[in-house]
Amino acid sequence: MKYSIIYIIILFLLGDISYAEKQTMNYLTVKENTIVTISMYTARGDMAKLNAALAEGLEAGLTVSEIKEVLTQLYTYCGFPRSLNALQNFMELLKDRQAKGIVDTEGEIPGPLPEGKSIDFGTANQTELCGFPVKGELFDFAPAIDEYLKSHLFGDIFARDTLDWRTRELATIAALAAMGGVESQLNAHIVIGQNNGLTDEQISAILLLVRSEHLPDVFPKDIELDDNFTGKAWLAFLTNNKECDISVYNVTFGPAARTYWHKHDVGQILLCTVGFGYYQERGKEAQLLSPGDVVNIPAAVEHWHGAAPDSEFVHVGMTPKMSENDVVWIGPVTDAEYEAATNN
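Bear in mind that the values here come from a model prediction, so they are computed numbers and not experimental data. (Residues numbered from 1 in each chain as written. Predicted model: local features only at pLDDT ≥ 70, side-chain atom pairs only at ≥ 80, totals over all residues. Heavy atoms only, no water.)

Caption draft 1: Representation of the overall build of the protein chain within the structure. Summing up its helical and strand segments, the protein chain has 14 helices and 13 strands in all. Within the protein chain, buried positions represent 48% of all 344 residues. Long-range pairs, those at least 24 residues apart, make up 73% of the contacts in the protein chain between residues at least 6 apart in sequence. Accessible surface for the protein chain amounts to roughly 16,600 Å². Of this, 54% is attributable to carbon and sulfur atoms. (Helix = DSSP H or I, 4+ residues; strand = E, 2+ residues; numbered from the N terminus. Buried < 20%, exposed > 50% of the residue type's maximum accessible area, 1.4 Å probe, protein only. Contact = heavy atoms within 4.5 Å. Areas by Shrake-Rupley, 256 points an atom, 1.4 Å probe, with all protein chains shown as cover.)

Put into structure tokens, the structure is as follows:
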């Protein structure tokens, strides 16, 4: 299924990534996923998480040259300080890995730029990237910025052959999506990305991955759940309405976190809002859950639900007839049971 660009942007801005496809993240390769995480952590200046993302990128097969190119390009979108900090972080990581005997693939160095003036081939690149000559009142108002964009960004940087244009737009969209107040530029680069080979589903995957990283700050997590849960999980009650006899609550799961096996006397309803998770009934295959999915859990059926191994997961839970709908906890979902369910 194809999604319109405007639809994707509206969903991202409203915080409602409710796509019909259940495995959106699979539209990006492992390498592409790491480029997204490297770009968004660079844009946010989150060096601790960037360090882990850089290591994952190397393990996924990105070369040293490719990662350096991503971090260098991003200075044009998130500024010299964050780009320089990211490069410093990467340099120290490589030294540490080398000291441990890890040999990383250096990759090819960039070839020479085209002959001629940067502003000339940069203007041609910008036109080809966008699909039309770029003009506007802003560039008439500040012609210097137009020259810098054409000669340096689309000339000196986008003419370098270490990364293709599709990959450069992948990194740019991820960085812009991770920043606030740049929706107009994000909109423009989504269109440019599609013009250079990124599908709507791949753009959706980028936005979902970036947005899911905001979970710890955005979603309420009033109570940390220890009993009857494996891993990190949090609960926030939204309402306990005695007149309607219903309880509604938000549950946030860290990666690989899940409930114990349990059952409800009357049943339960789950509305999945963010990230990827699983629901499994005893004796049946696990069901992959993504934003927008609704799970109607029958009465007295043993089941568990929780996050995918590599994704945080949030759902709203609804307990109807709460006055008579007791929950019976049965026991942990073992690591072997969880691995078998999620691998399948």
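Caption draft 2: Molecular detail of the packing of aromatic side chains. Taken as a whole, this structure holds seven aromatic pairs when the rule is applied. Each ring, one from Phe229 and one from Trp329, has its centre 6.0 Å from the other, and the planes form 55 degrees; the classification is tilted. A residue pair is termed long-range when its members are at least 10 positions apart, and Phe229 in strand β2 (residues 229–230) and Trp329 in strand β13 (residues 327–331) qualify at 100 residues. Phe229 sits in the buried class, given a relative accessible area of 14%. Judged by relative accessible area, which is 32%, Trp329 ranks as partly exposed. Look at Phe237 and Tyr249: their rings are 6.2 Å apart centre to centre, the planes differ by 75 degrees, and that puts the pair in the edge-to-face class. Highlighted residues: Phe237 in strand β3 (residues 233–241) and Tyr249 in strand β4 (residues 246–253), separated in sequence by 12 residues. The exposure class of Phe237 is partly exposed, given its relative accessible area of 44%. Grouped by ring-pair contacts, the aromatic residues Phe229, Phe253, Phe313 and Trp329 constitute a single cluster. (Phe/Tyr/Trp six-rings, centres within 6.5 Å; stacked < 30°, edge-to-face > 60°.)

Caption draft 3: Molecular detail of the side chain of His305. Examined against the element boundaries, His305 turns out to sit in strand β11 (residues 303–307). Engagement of the side chain of His305 in a polar contact is seen with the side chain of His315, the distance being 3.2 Å. (Polar contact = N/O pair within 3.5 Å; in protein donor to acceptor, adjacent residues only side chain to side chain.)

Caption draft 4: A look at the layout of surface pockets. The space that makes up the second largest pocket amounts to roughly 760 Å³. Taken together, 26 residues make up the lining of the second largest pocket; nearest its centre are Phe139, Leu149, Phe154, Gln185 and His189. Every element with two or more residues in the lining of the second largest pocket is listed here: α5 (75–78), α7 (118–130), α8 (137–141), α9 (143–157) and α11 (183–195). Per-class residue counts for the lining of the second largest pocket are 18 nonpolar, seven polar and one charged. (1 Å grid on protein atoms, 1.4 Å probe; cavity = no way out; pocket = protein on both sides within 12 Å on 5 of 7 lines; lining within 4 Å. Points joined across faces, edges and corners; volume = space filled by probe spheres on them. Nonpolar A, V, L, I, M, F, W, Y, C, P; charged D, E, K, R; others polar.)

Caption draft 5: Representation of the environment of Ala178 within the structure. Within the element layout of this structure, Ala178 appears in the loop between α10 (165–177) and α11. Given the relative accessible area of 11%, Ala178 is considered buried. Residues Ala178 and Val36 lie 142 residues apart in sequence; the distance between their C-alpha atoms is 9.8 Å. In contact with Ala178, not counting residues within four places along its chain, are Met40, Ala43, Arg44 and Val210.

Caption draft 6: Region of the structure containing helix α14 (residues 335–343). Tyr338, Ala341 and Thr342 are the residues of α14 that are buried. Taken down its axis, α14 places every buried residue within 90 degrees of arc, on the same side. Residues of α14 that are exposed and point more than 90 degrees away from the buried face comprise Ala336 and Asn343. Contacts from the buried residues of α14 go to β5 (258–259), β8 (277–281) and β11. (Arc of directions from axis to C-beta.)

Caption draft 7: A look at the environment of Leu208. Residue position: Leu208 is located in helix α12 (residues 200–212). With 31 residues separating them in the primary sequence, Leu208 and Ala177 have C-alpha atoms 9.8 Å apart.

Caption draft 8: Local environment of the nonpolar core. Judged by nonpolar contacts, the single largest core of 53 residues is most densely connected at Ile38 and Phe90. Every residue in contact with Ile38, bar those within four places of it in the chain, is listed here: Leu50, Ala53, Leu54, Leu62, Ile67, Val70 and Leu71. One finds Ala257, Leu289, Val295 and Ile297 within the second-largest nonpolar core, a separate group that totals 16 residues. (Core = buried A, V, L, I, M, F, W, Y, C linked by side-chain atoms within 4.5 Å.)

Caption draft 9: Layout of the sheet that holds strand β12 (residues 313–320). Across the sheet, which stays open at both edges, the six strands sit in the order β1-β3-β4-β12-β7-β10 with antiparallel pairing between neighbours. Edge positions in the sheet fall to β1 (223–224) and β10 (294–297), since each has one partner strand and no second. (Pairing = 2+ DSSP bridges.)

Caption draft 10: The arrangement of the pattern of salt bridges in detail. Scanning the entire structure with this criterion turns up 14 salt bridges. Across the pair Arg97 and Asp104 runs a salt bridge, and its minimum N-O distance is 2.7 Å. Within this structure, Glu59, Arg97 and Asp104 form a network of salt bridges that share partners. (Salt bridge = Lys/Arg side-chain N within 4 Å of Asp/Glu carboxyl O.)

Caption draft 11: Structural view of the side chain of Gln73. Positionally, Gln73 belongs in helix α4 (residues 64–73). Sequence-distant contacts of Gln73, that is, excluding residues within four places in its chain, are made with Ile157, Phe158, Arg168 and Thr172.

Caption draft 12: Structural detail: the packing of helix α3 (residues 47–60) against α4. Remark: α3 packs on α4, axes separated minimally by 10 Å, with the N-to-C direction vectors making an angle of 140 degrees. Here α4 runs oblique to α3, going by the angle between their axes. Both α3 and α4 take part in a crossing whose hand is right-handed. Contacts between α3 and α4 involve Leu54, Gly57 and Leu58 from the first element and Val64, Ile67 and Leu71 from the second. Here the residues of the contact of α3 with α4 sort into five nonpolar, one polar and no charged. (Axes fitted to C-alpha atoms, helices over the stretch in contact; angles between N-to-C directions. Parallel < 35°, antiparallel > 145°, perpendicular 65-115°, else oblique. Left-handed = near helix turned anticlockwise from the far one by under 90°.)

Everything listed here is a matter of geometry and, on its own, says nothing about what the molecule does.
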